[in-house]
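Observations on the model geometry
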Amino acid sequence: MTGSITPAESEIRLAPGLTDEDWRRASNAMSVALDPLGNGERAGWDNPETGHSGAFRPAGLPFVRAGEVCRAWVADVKTKVVSRHQEGTSCRAPGEDWRIAANQKVAEAR
């Protein structure tokens, strides 16, 4: 079993209206952008099937909180309905994937 990346009901989503495949692609971009050993540059994603896209950029150095590595980020998300700029923090426990721990919309355009 490979495990699922479909967010649980209680997991914070990046934006409403994203499909599971959008989230899979966004999650992969988030992992690349937030990797503590990475270059700290922007990592984009898109889903040609839905037309949704976005990008993550780290907004600070990694830090440890409650035994997890965390990192702040800024993201842009575009769906068919809305474009939004967000800020948040993602964390990951050793051996696990990044998860969004906090997320707030900064600006939105229709």
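Scope of this entry: the structure provided in the associated data block.

Parameters at a glance
- Residues numbered from 1 in each chain as written.
- Predicted model: local features only at pLDDT ≥ 70, side-chain atom pairs only at ≥ 80, totals over all residues.
- Heavy atoms only, no water.
- Phe/Tyr/Trp six-rings, centres within 6.5 Å; stacked < 30°, edge-to-face > 60°.
- Helix = DSSP H or I, 4+ residues; strand = E, 2+ residues; numbered from the N terminus.
- Buried < 20%, exposed > 50% of the residue type's maximum accessible area, 1.4 Å probe, protein only.
- Contact = heavy atoms within 4.5 Å.
- Core = buried A, V, L, I, M, F, W, Y, C linked by side-chain atoms within 4.5 Å.
- Pairing = 2+ DSSP bridges.
- Salt bridge = Lys/Arg side-chain N within 4 Å of Asp/Glu carboxyl O.
- Polar contact = N/O pair within 3.5 Å; in protein donor to acceptor, adjacent residues only side chain to side chain.

Below, the discussion takes up the packing of aromatic side chains. Applying the stated criterion to the full structure yields 1 aromatic pair. Centroid distance phenylalanine 56 to tryptophan 73: 5.1 Å. Interplanar angle 75°. Geometry classified as edge-to-face. Taken together, the residues span a long stretch of sequence, with phenylalanine 56 in strand S2 (residues 52-58) and tryptophan 73 in strand S4 (residues 68-78) at a distance of 17 residues. For the residue pair phenylalanine 56 and tryptophan 73, the accessibility class agrees, reading buried in each case.

Glancing now at the side chain of glutamate 68. Tracing the chain through its elements places glutamate 68 in strand S4. With relative accessibility at 14%, the residue glutamate 68 sits in the buried group. The contacts of glutamate 68, once residues within four sequence positions are left out, are Phe63, Cys91, Arg92, Ala93 and Arg99.

Here we come to the nonpolar core. In this structure, Leu14, Met30, Phe56 and Trp73 are the most contacted members of the largest nonpolar core, which totals 17 residues. Elements represented by at least two residues in this core include exactly helix H1 (20-34), strand S1 (43-47) and S4. For methionine 30, the residues in contact, after removing those within four places along its chain, are Trp23, Phe56, Ser90, Trp98, Arg99 and Ile100.

Residues Ala43, Trp45 and Asn47 line the buried face of S1, whereas the alternating positions Gly44 and Asp46 sit on a face that is not buried. Hairpin remark: S1 followed by S2, antiparallel, with 4 residues in the connecting loop; positive phi at glycine 51, about 80°.

Next up on the list: the environment of valine 81. Relative to the helices and strands, valine 81 resides in the loop between S4 and strand S5 (83-92). Residue classification places valine 81 among the exposed residues on the basis of a relative accessible area of 58%. Each C-alpha atom, one on valine 81 and one on glycine 17, is 8.7 Å from the other, the two residues being 64 residues apart in sequence.

Inspection of the entire model under this criterion finds 3 salt bridges. In this structure, glutamate 68 and arginine 99 form a salt bridge, with 2.7 Å as the shortest nitrogen-oxygen distance. Taken together, the residues span a long stretch of sequence, with glutamate 68 in strand S4 and arginine 99 in strand S6 (residues 99-109) at a distance of 31 residues. For arginine 99, a relative accessible area of 34% corresponds to the partly exposed category. Through salt bridges that share partners, Glu21, Arg24 and Arg25 make up one connected network.

A separate point is the side chain of serine 90. Mapped onto the secondary structure, serine 90 falls in strand S5. There is a polar contact of 2.8 Å between the side chain of serine 90 and the side chain of tryptophan 73. In contact with serine 90, other than residues within four places in its own chain, are Met30, Leu34, Val69, Cys70, Arg71, Trp73, Trp98, Arg99, Ile100 and Ala101.

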